[in-house]
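# Inside the fold
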Amino acid sequence: MKKIITVAAALLAVVSLQAQPQVIAHRGYHAKQGAARNTLAALENAQQLGVYGSECDVNLTSDGELVVIHGPWLGEKNAPDRLNVQKSDLATLRSKKLENGEVVPTLDEYLDQTAKDSNCKLIIEIKDHDTPQIETKVVKMVLDAVKRHKLQDRVEYIAFREHVCNELIRLAPAGTKVAYLNGTLKPKYLHAAGYTGLDYKLDVLKKNPKWIDEAHKLGLTVNVWTVNKTEDLKWVIDHNVDYITTDNPVEALSLIGR
Ligand code: MG
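These remarks concern the structure in this document. The structure presented is a predicted model; accordingly, all values stated were derived computationally and were not measured.

Mapped onto the elements of the fold, Glu125 is located in strand E6 (residues 121-126). With relative accessibility at 5%, the residue Glu125 sits in the buried group. Those residues in contact with Glu125 that lie beyond four places of it in its chain are Glu55, Cys56, Asp57, Val58, Ile158, Phe160 and Leu181.

This brings us to the packing of helix H4 (residues 107-115) against helix H5 (residues 132-148). In the contact formed by H4 and H5, the axes pass within 10 Å of each other and the chain directions differ by 35°. The handedness of the crossing between H4 and H5 is right-handed. Each of Leu107, Asp108 and Leu111 in H4 lies in contact with H5, whose residues at this interface are Val142, Ala145, Val146 and Arg148. Taken together, the residues of the contact of H4 with H5 break down into five nonpolar, no polar and two charged.

So, on to the pairing of strand E10 (residues 221-225). Within E10, four of the five residues are buried, which leaves the element mostly enclosed by the surrounding structure. Looking at chain direction, strand E9 (residues 197-201) and E10 are connected through five bridges and run parallel. Looking at the pairing, Leu198 lines up with Val222 of E10. The sheet contact formed by E10 and strand E11 (residues 243-246) spans two bridges and is parallel. Bridged to Val224 within E11 is Ile244. Between E10 and its parallel partner E11, the chain crosses via helix H10 (residues 230-238), and the hand of that crossover is right-handed.

So, about unusual backbone geometry. In the segment running from Gly71 into Pro72, the intervening peptide bond is cis, with an omega of -5°. Locating Pro72 in the fold gives a position in the loop between strand E3 (66-68) and strand E4 (73-74). The phi torsion at Lys150 lies on the positive side, around 55°, for a residue other than glycine. One non-glycine residue, Asn240, adopts positive backbone phi at about 60°. Following the sequence through the fold, Asn240 ends up in the loop between H10 and E11. According to the relative accessible area criterion, Asn240 is partly exposed, its value standing at 46%.

Moving on: helix H2 (residues 40-49). Among the residues of H2, Ala41, Ala42, Leu43, Asn45, Ala46 and Gln47 are the ones counted as buried. At its buried positions, H2 is contacted by strand E1 (22-25), strand E2 (53-60), H4 and E6. One or two positions beyond H2, positive phi appears at Gly50, with a value near 85°.

Next up on the list: the environment of Thr114. Examined against the element boundaries, Thr114 turns out to sit in helix H4. The exposure class assigned to Thr114 is buried, which follows from its relative accessible area of 1%. With residues near it in sequence (within four places) discarded, Thr114 still touches Leu43, Gln47, Cys120, Leu122, Leu151 and Arg154.

What counts and how
Residues numbered from 1 in each chain as written. Predicted model: local features only at pLDDT ≥ 70, side-chain atom pairs only at ≥ 80, totals over all residues. Heavy atoms only, no water. Helix = DSSP H or I, 4+ residues; strand = E, 2+ residues; numbered from the N terminus. Buried < 20%, exposed > 50% of the residue type's maximum accessible area, 1.4 Å probe, protein only. Contact = heavy atoms within 4.5 Å. Axes fitted to C-alpha atoms, helices over the stretch in contact; angles between N-to-C directions. Left-handed = near helix turned anticlockwise from the far one by under 90°. Nonpolar A, V, L, I, M, F, W, Y, C, P; charged D, E, K, R; others polar. Pairing = 2+ DSSP bridges. Right-handed = clockwise from strand over helix to strand, strands pointing away.

Structure below.
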């Protein structure tokens, strides 16, 4: 009897461990001193912190280079010399310093850093581009780069554009994780279209909490962005999401109990 109870307790512990959400550092763990959003330092910090994954944003420059930056602008909102990321070439973008002194990283540099830590996934958000043709090209280029770096099992994808997601689903190796960001599609639709998950804004999930269960029943993962306040972190943990994307990964980890 004692043995059965011990086994049951161990199983319960495993189940409750699995039920805990995983933490994704939004644009890396950028809040730590010396880092800034979407920098190599932010990715390295996320790796050192031991989170499940580090998110980043990818854009194509005017001379056909993939860069890690949120965009659409580089520079302060009202700065006269701010640059439109997709309409600038790599050299021009790299002539400006980011807040932490780095320059805009290329996707290749980001993948080199990703390769250094096998525990931390890279969550690549492919940004909207001007036409579906360009977006297809960007998807192909990103998938090629990830393949070249042999990181196919360590990279996951997210996008706001349905076209980008559809192309990822069509072109990425089977089993690649692709989640939709825009919050407008129901779990049933995403499942039928071949997505592996949804990645919705906190407000969307608060308005539609039943989507969490619906998604799980369909085998979809549920990610939520960008959850920064303590009360919101508690809400998403209580609602059994699978991934929490946050600018505050240290607090998220501590609330989850890790
Ligand atoms: Mg993003």
